[in-house]
Amino acid sequence: MDDIQNQADDKGWDEKVNRRISDINRAIEKGLSGEALAALHGLHVAADDDATYDVDEASEIDDQAMLRDKIMRRMIHIGDTISHNRDLPDNVKEKWTAMLQECYPSEANSVTLLRDLRREVNSWQEIDPESALSLLDRAIDAVATMIEIYRQRFYTR
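Residues numbered from 1 in each chain as written. Predicted model: local features only at pLDDT ≥ 70, side-chain atom pairs only at ≥ 80, totals over all residues. Heavy atoms only, no water.

Novice: Residues and numbers for the overall build of the protein chain, please.
Specialist: The helix and strand inventory of the protein chain stands at 6 helices and 0 strands. When its helices and strands are written in sequence order, the protein chain yields α-α-α-α-α-α. Classification of the 157 residues of the protein chain by burial places 34% in the buried group. A separation of at least 24 residues holds for 67% of the contacts in the protein chain among residues at least 6 apart in sequence. When the accessible surface of the protein chain is totalled, it reaches about 9,800 Å², and 48% of it is carbon and sulfur. (Helix = DSSP H or I, 4+ residues; strand = E, 2+ residues; numbered from the N terminus. Buried < 20%, exposed > 50% of the residue type's maximum accessible area, 1.4 Å probe, protein only. Contact = heavy atoms within 4.5 Å. Areas by Shrake-Rupley, 256 points an atom, 1.4 Å probe, with all protein chains shown as cover.)

Novice: Tell me what's going on with the pattern of salt bridges, and back it up with residues and numbers.
Specialist: Summed over the entire model, instances satisfying the criterion amount to 7 salt bridges. The partner of Arg118 in a salt bridge is Asp137, with the nearest N and O atoms 2.8 Å apart. Placement of the pair is Arg118 in helix α5 (residues 110-124) and Asp137 in helix α6 (residues 132-154), with a sequence separation of 19 residues. A cluster of three or more residues bridged by salt bridges with shared partners is formed by Arg115, Arg118, Asp137, Asp141 and Glu148. (Salt bridge = Lys/Arg side-chain N within 4 Å of Asp/Glu carboxyl O.)

Novice: Provide a residue-level description of α5, including the pertinent values.
Specialist: In this model α5 runs 21 Å from its N-terminal to its C-terminal C-alpha over 15 residues, within 8% of the 21 Å that 1.5 Å per residue would give. Within α5 the residues assigned to the buried category are Ser110, Val111, Leu114, Leu117 and Val121. Projected onto a plane normal to the axis of α5, the buried residues spread over an arc of 120° and lie on a single side. The exposed residues of α5 that point more than 90 degrees off its buried face are Arg119 and Ser123. (Expected span 1.5 Å × (residues − 1). Arc of directions from axis to C-beta.)

Novice: Could you give an account of the packing of aromatic side chains, with specific residues and numbers?
Specialist: Under the defined criterion, the tally for this structure stands at 2 aromatic pairs. Between Tyr150 and Tyr155, the aromatic rings sit 5.8 Å apart at their centres with planes inclined by 40°, giving tilted as the arrangement. You can call Tyr150 buried: its relative accessible area is 3%. Put simply, the rings of Tyr150, Phe154 and Tyr155 touch in pairs and so form one group of aromatic residues. (Phe/Tyr/Trp six-rings, centres within 6.5 Å; stacked < 30°, edge-to-face > 60°.)

Novice: Any details on helix α3 (residues 64-84)? Residues and values, ideally.
Specialist: Its 21 residues place the ends of α3 30 Å apart at the C-alpha level, agreeing with the 30 Å of an ideal helix rising 1.5 Å per residue. Of the residues making up α3, those classed as buried are Leu67, Lys70, Ile71, Met72, Arg74, Met75, Ile76, His77, Ile78, Gly79, Asp80 and Ile82.

Novice: I'd like to hear about the side chain of Arg151, residue by residue, with values.
Specialist: As for its position among the elements, Arg151 is in helix α6. We note that Arg151 is buried and unpaired, the nearest opposite charge coming from Glu107 at a distance of 7.1 Å. The contact partners of Arg151, leaving out residues within four places of it in the chain, are Pro105, Ser106, Glu107, Ala108 and Thr156. (Lys, Arg positive; Asp, Glu negative; His and termini not counted.)

Novice: Outline the nonpolar core, listing residues and values.
Specialist: One finds Ile71, Met75, Ile78, Trp96, Leu114, Leu117 and Leu136 to be the most contacted residues of the largest nonpolar core, which totals 27 residues. Only α3, α4 (90-101), α5 and α6 provide two or more residues apiece to this core. When residues no more than four places from it in sequence are discounted, the contact partners of Ile78 are Leu100, Leu136, Ala139, Ile140 and Val143. (Core = buried A, V, L, I, M, F, W, Y, C linked by side-chain atoms within 4.5 Å.)

Novice: Just give me the short version of the environment of Phe154, but keep the residues and values in it.
Specialist: Here Phe154 is to be found in helix α6. Assessed through its relative accessible area of 15%, Phe154 is described here as buried. As for Phe154 and Ser106, which are separated by 48 residues in sequence, their C-alpha atoms are 8.5 Å apart. Those residues in contact with Phe154 that sit more than four places away from it in its chain are Asp62, Asp63, Gln64 and Leu67.

Written out as structure tokens, the structure is:
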């Protein structure tokens with residue numbers, strides 16, 4: 001009986017520690033962008049590496065770490081695109097970046113947050129199909145779809 005209680009206590013403690021580590025990591029990530037954020041996640045982002053606007057076709061077969069890295073890279077690109085857009089006021093950039101920073105491949109609400117962000121981008125102005133905001137809209141939709149695939153493959157059991 002004590003063994004079962006000790007296992008339950010250990011599991012509870014592990015979950016508490018993991019939540020605390022996640023909270024600390026999120027706080028650190030909020031202050032980073034671009035190459036620094038990519039480095040924190042162990043990724044390399046080349047300066048001339050363009051954001052991808054379509055769902056990666058390998059998402060259905062990539063292993064968990066590979067797909068997570070692809071999703072994180074794309075979210076970093078989206079964040080950089082937002083922060084470097086000169087047509088957006090600072091408060092809009094901050095709001096959109098904050099929404100993006102709440103998204104993680106393993107978090108159930110990330111797809112909803114990304115869809116909300118996409119609606120915000122669409123409502124900002126009439127979107128020209130060739131504009132940077134139109135490309136941003138497509139990139140957000142693609143990464144949301146990739147997170148759905150990630151969650152279905154690795155978190156639905």
